[in-house]
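An overview of the molecular structure
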Amino acid sequence: MISPYQLSLLEKAGPRLVALSQEDWKKKRFVRVDELQFPEQGAVQGWLKGSARAVRLVRQFFKNPDSSTSTLHLVCSDLMCDYDVITTTYKKRWKVEVFYKSLKSNAGMAKSANADFENPKQPRLHGIYAVFKLECLSFKSKINPFALRFKLLMNATRSAFDQLQKFQAAA
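Note on numbering: residues in each chain are counted from 1, in written sequence order. Under the rules for a predicted model, residues below a pLDDT of 70 receive no local features and side-chain atom pairs below 80 are neither given nor counted, while totals for whole chains, interfaces and linings still include all residues. Values shown for side chains rest on all heavy atoms present in the structure; no hydrogens or waters enter the calculation.

1. Observations regarding the pattern of salt bridges
Any two side chains of opposite charge can pair if their charged atoms end up close together. Basic side-chain nitrogens of Lys or Arg form a salt bridge, by our definition, when they fall within 4 Å of a carboxyl oxygen of Asp or Glu. Within this structure, the stated rule accounts for five salt bridges. One salt bridge in this structure joins Glu23 and Arg29, with 3.8 Å as the shortest N-O distance. Think of it in three bands: residues with accessible area under 20% of the maximum for their type are buried, residues over 50% are exposed, and the middle band is partly exposed, with areas taken using a 1.4 Å probe on protein chains only. Here Glu23 falls in the partly exposed class, since its relative accessible area comes to 48%. Using a relative accessible area of 41% as the deciding quantity, one classes Arg29 as partly exposed. One salt bridge connects Asp24 with Arg29, and the closest N-O pair in it is separated by 2.6 Å. Each of the salt bridges in this network shares a partner with another, and the network as a whole consists of Glu23, Asp24, Lys27 and Arg29.

2. Digging into the side chain of Arg59
You can see Arg59 is positioned in strand S5 (residues 54–63). N or O atoms closer than or at 3.5 Å make up a polar contact, with two conditions inside protein: a donor-capable atom paired with an acceptor-capable one, and, for residues adjacent in sequence, both atoms drawn from side chains. Reaching out from Arg59, the side chain makes a polar contact with the backbone oxygen of Val33 at a distance of 3.0 Å. From its side chain, Arg59 meets the backbone oxygen of Asp34 in a polar contact 3.3 Å long. Whether two residues are in contact is decided by their heavy atoms: any pair within 4.5 Å suffices. Leave out the neighbours within four places in its chain, and Arg59 touches Val33, Asp34, Glu35, Leu36, Phe38, Thr71, Leu72, His73 and Tyr83. The secondary structure listing takes helices from DSSP runs of H or I that are at least 4 residues long and strands from runs of E that are at least 2 residues long, numbered from the N terminus.

3. With respect to the pairing of strand S6 (residues 69–76)
For two strands to count as paired, DSSP must find a minimum of two bridges between them. Direction of pairing for S5 relative to S6: antiparallel, over a ladder of eight bridges. Its bridge partner lying in S6, Gln60 is registered against Leu72. Where S5 folds back on S6, the antiparallel hairpin that results is connected by five residues, among which Ser67 adopts a positive phi of roughly 75 degrees.

Set out below in structure tokens:
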């Protein structure tokens, strides 16, 4: 099973360290991942600090929407994988991460307390379905799902306010 992990998120607690040989790992001689020399679109084998398993490391450069460049360090536990397999798998996995973020933000899954419900899976199912429909609308309209959610909420609020004014005028 191929399982690439993004190291740059883990670097918030400090730089990620790797040993380039098992002997270096045993003697605790580590170097920073961001200071490693990587072959052009190649992978390096190493042992992460805190893990006894050998891993494959790759460095990927990409261009941000604002034309700046960023670096992404990926690690894979499958030693047979090369640069292309690791980066392709990560691209596929990233789409799942974006959907999960949308699920947490747009369906309120991060703050839902389902412990009180008789059937805790039912509210989650409705949330997943709602986010799926939102993603479909987003794809069709070519609008970011977060911007689309905001538009929908604004329209619902406007409609509710208009209805309230009609009730007040009738009273």
